[in-house]
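# Structure at a glance
Single-letter residue listing:
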Amino acid sequence: MTNLQEWQRRMHAQLASVSDQPAQEARWLMAQSLGLRPTELLVNAHQVLSSDQEYALQKRLDERLRGVPLAYCLGEWSFYGLDLEVNAAVLIPRPDSELLIHLALAEAVPEHEMQILDLGTGSGALALALAVARPQARVFAVEQSLEALAVARRNGERLGAKVVWLEGDWFAPLDPALRFDWIVSNPPYLASADPHLPELQHEPLAALVAGPSGLECLESIIQGAGKHLHPGGQIFLEHGWEQGAAVRKLLRTRDFQQVQTHADIAGRERVTTARSPNHA
Ligand SMILES: C[S@@+](CC[C@H](N)C(=O)[O-])C[C@H]1O[C@@H](n2cnc3c(N)ncnc32)[C@H](O)[C@@H]1O
């Protein structure tokens, strides 16, 4: 018969082999598995666990020890202050993408009803952060994976955010007449042979890999964006830290204006922004 405190100690010790914050992870995993708030673990430290509870805890611990990312073990993750459901069908939202949201929200809101498009929405992270911050805007989000789109929809319902969720390939599911003020995207941008892929083995390959060069998705999006932007509309693209020059070139080749790359806090080029081409 093991109580909560002993389980917590056991988990802490074992998690040290996969985590640099084992005490915190032990608390989060226990709270999630037992349906408690982390603070309730302390209050109930001497509570003895049922065999079902022990089974649930052991299952979570084994998953985490096998290297499953903490976000998938917990089933939720925070992005821009929003708690989002995540599972293995979606990319785990990254703090890097918050830079894109900061840049967009620093822009003025147009006089007309604003329209925003998120391409490759995954868990819905970007679309939902913008929908919550700009509740008057009409937000559309496109995703090619049905499983991912189901997660995004649930996140939208959970947050009470109004987003039009569309399944399909980039601009294909959109009415050709639709025009946006902002198009945002964090598309797959790794090359098929990227050496970091083994570290990301638990996340969906289709969310990570663009093709042989890594630029294929960015190229498709840039190619289609001009005719879906209002005059003066803006595009915000997240990309790999070594892709800034290539993305700027792709945008300039398509006559985008005010092309600018922004660095993250580590000084790495992560997001490129531009205004719609004059002739769009
Ligand atoms: C890097 S993930 C980004 C997910 C989310 N926007 C975020 O920042 O956490 C890229 C997403 O694009 C989706 N995707 C890949 N190719 C696509 C395509 N041709 N059309 C629409 N979505 C696509 C993937 O399924 C994945 O969910």
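The structure displayed is predicted, hence computed values, not measured ones. Positions within a chain are numbered from 1, following the residues in the order the chain's sequence is written. With pLDDT at 70 or above as the cut-off, local features in this predicted model cover only qualifying residues; side-chain atom pairs require 80 or more to be listed or tallied, and sums for whole chains, interfaces and linings still use all residues. Side-chain metrics rest on all non-hydrogen atoms present in the structure, leaving aside hydrogens and water.

### Digging into the overall build of the protein
Inclusion rule: To qualify as a helix, a DSSP run of H or I must reach at least 4 residues; to qualify as a strand, a run of E must reach at least 2; elements of each kind are numbered from the N terminus. Only protein chains enter the accessibility calculation, which uses a 1.4 Å probe; a residue is then buried when its area is under 20% of its type maximum, exposed when over 50%, and partly exposed in between. We call two residues in contact when some of their heavy atoms are within 4.5 Å. By the counting scheme adopted, Arg and Lys are positive, Glu and Asp are negative, and His together with the chain ends is not counted. By convention, the charge on Lys lies at NZ, on Arg at CZ, on Asp at CG and on Glu at CD.
Each helix and strand in the protein was counted, giving 11 helices and 11 strands. Residues counted as buried form 50% of the 280 residues belonging to the protein. When contacts within the protein are restricted to residue pairs at least 6 apart in sequence, long-range pairs at least 24 apart make up 64% of them. Between the mean site of the 24 positive side-chain charges and the mean site of the 34 negative ones, the protein shows a separation of 2 Å.

### Some words on the sheet that holds strand β9 (residues 229–238)
Quick reminder of the rule: Strands pair, by our definition, only if DSSP identifies at least two bridges between them. Throughout, an axis means a line fitted to C-alpha atoms (over the contacting stretch in the case of helices), and angles, computed between N-to-C directions, take values from 0 to 180 degrees.
Read from one edge of the open sheet, seven strands run β5-β4-β3-β6-β9-β11-β10, paired in mixed fashion. The sheet is open, and its two edges are formed by β5 (163–167) and β10 (257–263), each paired on a single side. On average, each strand axis in the sheet is tilted by 15 degrees relative to the strand beside it, whichever way the strands run. On the sheet, helix α7 (residues 125–133) packs against β3 (115–119), β4 (138–143), β5 and β6 (180–185) and is oriented at approximately 160 degrees with respect to β5. Against the sheet, helix α8 (residues 146–159) makes contact with β4 and β5, and its axis sits at roughly 170 degrees relative to β5, the strand it touches most.

### A look at the UniProt feature "domain: Release factor glutamine methyltransferase N-terminal" (unreviewed entry) in the protein
Under the convention used in this document: UniProt positions are given in the numbering used here, feature names are shortened, and annotations may be inferred rather than shown by experiment.
Here, the residues flagged by UniProt with the feature "domain: Release factor glutamine methyltransferase N-terminal" (unreviewed entry) are residues 6–75. Across residues 6–75 one finds 70% helix and 0% strand; the C-alpha atoms that close the span lie 24 Å apart.

### Describing the domain arrangement of the protein
Basically, it comes down to this: An automatic or database domain assignment is the source of the domain bounds shown. When two parts are brought into contact, each loses some accessible area as probed by a 1.4 Å sphere; the total of that loss over both is the buried area. A side-chain nitrogen of Lys or Arg and a carboxyl oxygen of Asp or Glu constitute a salt bridge if their distance falls within 4 Å. Each residue gets one of three labels, nonpolar for Ala, Val, Leu, Ile, Met, Phe, Trp, Tyr, Cys and Pro, charged for Asp, Glu, Lys and Arg, and polar for the others, Gly among them.
For the protein, the domain assignment lists domain 1 (4–74) and domain 2 (89–275). With six residues of domain 1 in contact, the opposing surface of domain 2 contributes six residues. Summed over both sides, the interface between domain 1 and domain 2 buries roughly 400 Å², with carbon and sulfur atoms accounting for 69% of that surface. Broken down residue by residue, the surface that domain 1 buries against domain 2 is led by Pro 69, Ala 71 and Tyr 72, which jointly contribute 79%. If you look at where domain 1 meets domain 2, you find zero salt bridges. Here the residues of the side of domain 1 that touches domain 2 are counted per class, giving four nonpolar, one polar and one charged.

### A look at the UniProt feature "binding site: substrate" (unreviewed entry) in the protein
Within the UniProt annotation, "binding site: substrate" (unreviewed entry) is assigned to Asn 186, Pro 187, Pro 188 and Tyr 189. Take Pro 187: it is sitting in the loop between β6 and β7 (190–191). Relative accessible area serves as the criterion here: at 2%, Pro 187 is assigned to the buried category. Once residues lying within four places of it in the same chain are set aside, the contact partners of Pro 187 are Trp 170, Cys 217, Leu 218, Ile 221 and Glu 238. The topology assignment puts Tyr 189 in the loop between β6 and β7. A relative accessible area of 16% means that Tyr 189 is categorised as buried. If we skip the residues at most four places from it in the chain, Tyr 189 touches Leu 208, Ala 210, Gly 214, Leu 218, Glu 238, His 239, Gly 240, Gln 243 and Arg 270.

### Remarks on the nonpolar core
Spelled out, the test is: By nonpolar core is meant a set of buried Ala, Val, Leu, Ile, Met, Phe, Trp, Tyr and Cys residues that side-chain atoms within 4.5 Å join together.
Leu 117, Phe 171, Leu 174, Ile 183, Ile 235 and Phe 256 are the most contacted members of the largest nonpolar core, which totals 34 residues. Elements with a minimum of two residues in this core: β3, β4, β6, β8 (209–211), α10 (216–225), β9 and α11 (244–253). Broken down by element, this core gets its largest block of residues, five residues, from α10.

### Describing the site of the ligand
For the record, the criterion: Neighbouring residues are identified by heavy atoms, a residue being near a molecule or strand if any of them is within 4 Å of it. Whenever two N or O atoms come within 3.5 Å, that pair is a polar contact, provided that in protein one can donate a hydrogen and the other can accept it, and provided that, for residues adjacent in sequence, both atoms are side-chain atoms. All accessible areas in this document rest on Shrake-Rupley with a 1.4 Å probe, and a residue is counted as covered only by the protein chains that are shown.
Neighbouring residues of the ligand: 15 residues in total, closest Gly 120, Glu 143, Asp 169, Asn 186 and Ala 207. Here Gln 144 contributes a side-chain N or O atom positioned 3.2 Å from a nitrogen atom of the ligand. Coverage of the ligand by the protein chains reaches 95% of its 600 Å² of free accessible surface. Here the residues of the shell around the ligand sort into seven nonpolar, six polar and two charged.

### Considerations on the environment of Lys 227
Within the secondary structure, Lys 227 sits in the loop between α10 and β9. With 51 residues separating them along the chain, Lys 227 and Pro 176 place their C-alpha atoms 8.4 Å apart.

### Some details on the packing of aromatic side chains
Worth spelling out the cut-off: Working definition: rings of Phe, Tyr and Trp (its six-membered ring) pair if their centres are within 6.5 Å, and the pair is stacked with planes under 30 degrees apart, edge-to-face with planes over 60 apart, and tilted otherwise. Two limits define a charge over a ring: the Lys NZ or Arg CZ must be within 6 Å of the ring centre, and within 35 degrees of the ring normal.
Tallied over the entire structure, the rule returns three aromatic pairs. Judged by centre distance (5.5 Å) and plane angle (80 degrees), the rings of Phe 140 and Phe 180 are edge-to-face. With a gap of 40 residues between them, Phe 140 in strand β4 and Phe 180 in strand β6 connect regions that are remote in the sequence. Residue Phe 140 is classed as buried on the basis of its relative accessible area, which comes to 6%. Over the face of the ring belonging to Trp 7 we find Arg 10, whose NZ or CZ atom lies 4.6 Å from the ring centre.

### Here's the deal with the side chain of Thr 2
Looking at the secondary structure, you find Thr 2 in the segment before α1 (4–15). According to the relative accessible area criterion, Thr 2 is buried, its value standing at 13%. Sequence-distant contacts of Thr 2, defined by excluding residues within four places in its chain, comprise Trp 7, Arg 10, Gln 47, Val 48, Leu 49 and Glu 54.

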